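# Observations on the model geometry
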Amino acid sequence: MKKTKMSMSVINPNAAGIDIGSRSHFVAIGQGEKDVREFGVYAEDLSAIVQWLIENKITTVAMESTGTYWQNLFVELINAGLEVILTNGKFTKNINRKKTDVLDCQWIQKLHCLGLLPSSFLPDHTTERLRTYCRHRDNMIGQRANSIHKMSKFLKYLNFRLDVVVNDIAGQTGLKIIEDICNGNLEGKSLAQHRHHNCRKSEEEIAKALVSNKREDYLFGLKQEFDRYKFYTSCIDECDKEISQFLEQTIRQKPDVVDDIPDPKPHKRQNKNDIKGINLNIVSYQYFDGVDLLAIPGVSHSTILSIMSEMGPEGVSKFPTAQHFASWLRLAPNNKISGGKTLSNRIPQGSNRLKIALRNSANAIGNLKDSDLAKFFRRLAFRKGRTAAINATARKIAVIIWNMITKKQPYLPKNNYLFLDQKRRIVSKMRKQIKNLGLNPNDLGFSRANRDKIAAQMTPDNQSLSLR
């Protein structure tokens, strides 16, 4: 057979490829030996890379997202006006020759010239700054949780079984007792006097649990961990202030700020790890230009903060469809088809922070009762198990979020979900209206026989709220 050559069209003629390293960067502007140069990683070396690319009339550059070494060079190239494509390393691995740094950068340059390298998602500058604050805050919360775990361990070594009589040793009762222990007080009766009035255990039972063996080494460790807890708490408070100021400044700089206020959501309460000093219900509504994401069942304040810091309003709009957004989150099945048969339809491995937040929201939806998403969750959980239901519900939430942000649509479920406290308020208003009108159950058709018929058709949750 005769050998035939197949040509491929060059999509990016003035392209360069960069192999990122921790100590040096290899830059290729062609496939020849003289077209490759090695540069260092200092600021002057990055400026030299930009100058060399501009001298050779390079307009577009491709690089791998290797660790965090690419970020400084990426900023320098963007500021110089070059088009930069940051691609995943899995798209550049299929090299059919011996692997060296020189061949790697030439291989990246060749793929980019042919237009075979897709670009990774990168948030805008505002979202990137907010992401830095929020991720640092999450790390501080993790460090504080580690200090709480260590305090609990040292308390057990000291024979202080505070974890038995108190649900949370980092609560009001627990922290006061730990602070008093660190100050030198080891008497159980005096320590039990710090009991908060909401604590279920009595002072006598708390005093029985606080009998110490007075080991000095364990006391020293407890003091160290308590100081570490207070340090990380102060760091989290400073992060909350910085995030609050940054969000207020960002909203103030918007050309058109939404004036109306969303409906209050008292059923979505904040926990101790949520950001303080800011009303996320109003801030997120203004940040997303009038889109009330908290109206989605299961979406909490921490989920909203993850959406704001990881994607932002402009980041979600970069995906052409909701399916692309769900696929980027790795919540959609990765169908592998060969010979007309589906070989695998598993969800790809790997998680980002937004995917974890959406899965947590989906898990919370599984504990609700009357919402449409909860019914969808229970149907899938019955057929395929809770894990599959969490993934599918998280994907549905992602699709809802994409449609709400890009199309400016409100969340309109088929049946409005009412929490138990909302139902009780409605019932109390109805009872007052009936009393003011001077009506009785017989006038409303609530006779004994009719009430039995209605009660038989109602769910157990609604039976407790029926009129009596």
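Residues numbered from 1 in each chain as written. Predicted model: local features only at pLDDT ≥ 70, side-chain atom pairs only at ≥ 80, totals over all residues. Heavy atoms only, no water.

## Re the overall build of the protein
- A count of helices and strands for the protein gives 19 helices and 7 strands.
- Counting only C-alpha atoms and orienting by the principal axes, one finds that the protein spans roughly 95 × 70 × 50 Å.
- Within the protein, the proportion of its 468 residues that are buried is 41%.
- Partitioning the intrachain contacts of the protein with sequence separation of at least 6 by distance along the chain shows that 65% fall at a separation of at least 24.
- A total accessible area of about 28,200 Å² is found for the protein, and carbon and sulfur atoms account for 49% of it.
- Separation between the mean location of the 72 positive side-chain charges and that of the 47 negative ones in the protein comes to 10 Å. (Helix = DSSP H or I, 4+ residues; strand = E, 2+ residues; numbered from the N terminus. Buried < 20%, exposed > 50% of the residue type's maximum accessible area, 1.4 Å probe, protein only. Contact = heavy atoms within 4.5 Å. Areas by Shrake-Rupley, 256 points an atom, 1.4 Å probe, with all protein chains shown as cover. Lys, Arg positive; Asp, Glu negative; His and termini not counted. Charge placed at Lys NZ, Arg CZ, Asp CG, Glu CD.)

## Quick word on unusual backbone geometry
- Backbone geometry at Lys 57 places phi at a positive 60 degrees, although glycine is not the residue there.
- Relative to the assigned elements, Lys 57 resides in the loop between helix H1 (43-55) and strand S4 (60-64).
- Although it is not a glycine, Lys 214 adopts a positive phi angle of roughly 60 degrees.
- Inspection of the secondary structure puts Lys 214 in the loop between helix H8 (203-209) and helix H9 (216-252).

## Overview of the side chain of Thr 393
- Within the secondary structure layout, Thr 393 lies in helix H16 (residues 386-407).
- According to the relative accessible area criterion, Thr 393 is buried, its value standing at 0%.
- Look past the residues within four positions of Thr 393 in its chain and what remains in contact with it is Ala 362, Ile 365, Phe 376 and Phe 377.

## A closer look at the pattern of salt bridges
- Applying the stated criterion across every chain, the model contains 13 salt bridges.
- One salt bridge connects Arg 353 with Asp 138, and the closest N-O pair in it is separated by 3.8 Å. Taken together, the residues span a long stretch of sequence, with Arg 353 in helix H14 (residues 353-365) and Asp 138 in helix H4 (residues 125-157) at a distance of 215 residues.
- By relative accessible area, Arg 353 is classed as partly exposed at 35%.
- For Asp 138, a relative accessible area of 38% corresponds to the partly exposed category.
- For Asp 168, the salt bridge identified is with Lys 272, shortest N-O distance 2.8 Å. With Asp 168 in the loop between helix H5 (162-165) and helix H6 (172-182) and Lys 272 in the loop between H9 and helix H10 (280-287), this pair connects stretches of sequence that are 104 residues apart.
- Residues participating in the shared-partner salt-bridge network are Lys 254, Asp 289 and Lys 408. (Salt bridge = Lys/Arg side-chain N within 4 Å of Asp/Glu carboxyl O.)

## Quick word on the environment of Glu 83
- With respect to the element layout, Glu 83 can be found in strand S5 (residues 83-87).
- Taking the C-alpha atoms as reference points, Glu 83 and Val 61, separated by 22 residues in sequence, lie 6.2 Å from one another.
- Those residues in contact with Glu 83 that sit more than four places away from it in its chain are Thr 59, Thr 60 and Val 61.

## Here we look at the nonpolar core
- Ranked by size, the top nonpolar core spans 51 residues in total, and within it Leu 293, Met 308 and Leu 358 carry the most contacts.
- At the level of elements, H4, H9, H10, helix H11 (301-310), helix H13 (322-328), H14, helix H15 (372-384) and H16 are the ones that each hand at least two residues to this core.
- Looking at this core, the element that brings in the most residues is H16, giving 11 residues.
- Once residues within four sequence positions are removed from consideration, Met 308 is found in contact with Thr 127, Leu 130, Leu 247, Leu 280, Val 283, Ser 284, Tyr 287 and Phe 288. (Core = buried A, V, L, I, M, F, W, Y, C linked by side-chain atoms within 4.5 Å.)

## Notes on the state of the cysteines
- Going through the model one piece at a time under the given rule, you end up with 0 disulfides.
- Here Cys 239 is not cross-linked by a disulfide; its sulfur's nearest cysteine counterpart is in Cys 235, at 6.9 Å.
- The exposure class of Cys 239 is buried, given its relative accessible area of 11%. (Disulfide = S-S within 2.5 Å.)

## Focus: the confidence of the model for the protein
- Per-residue confidence for the protein averages 87 on the pLDDT scale, and 91% of its residues sit at or above 70.
- Confidence scores differ between elements of the protein, with helix H19 (residues 460-463) showing the lowest mean pLDDT of 46 and H9 the highest of 95.
- Contacts of residues 459-468 to residues separated by more than four positions or lying in other chains number 18 contacts, the stretch itself having pLDDT below 50. (pLDDT = per-residue confidence, 0-100.)

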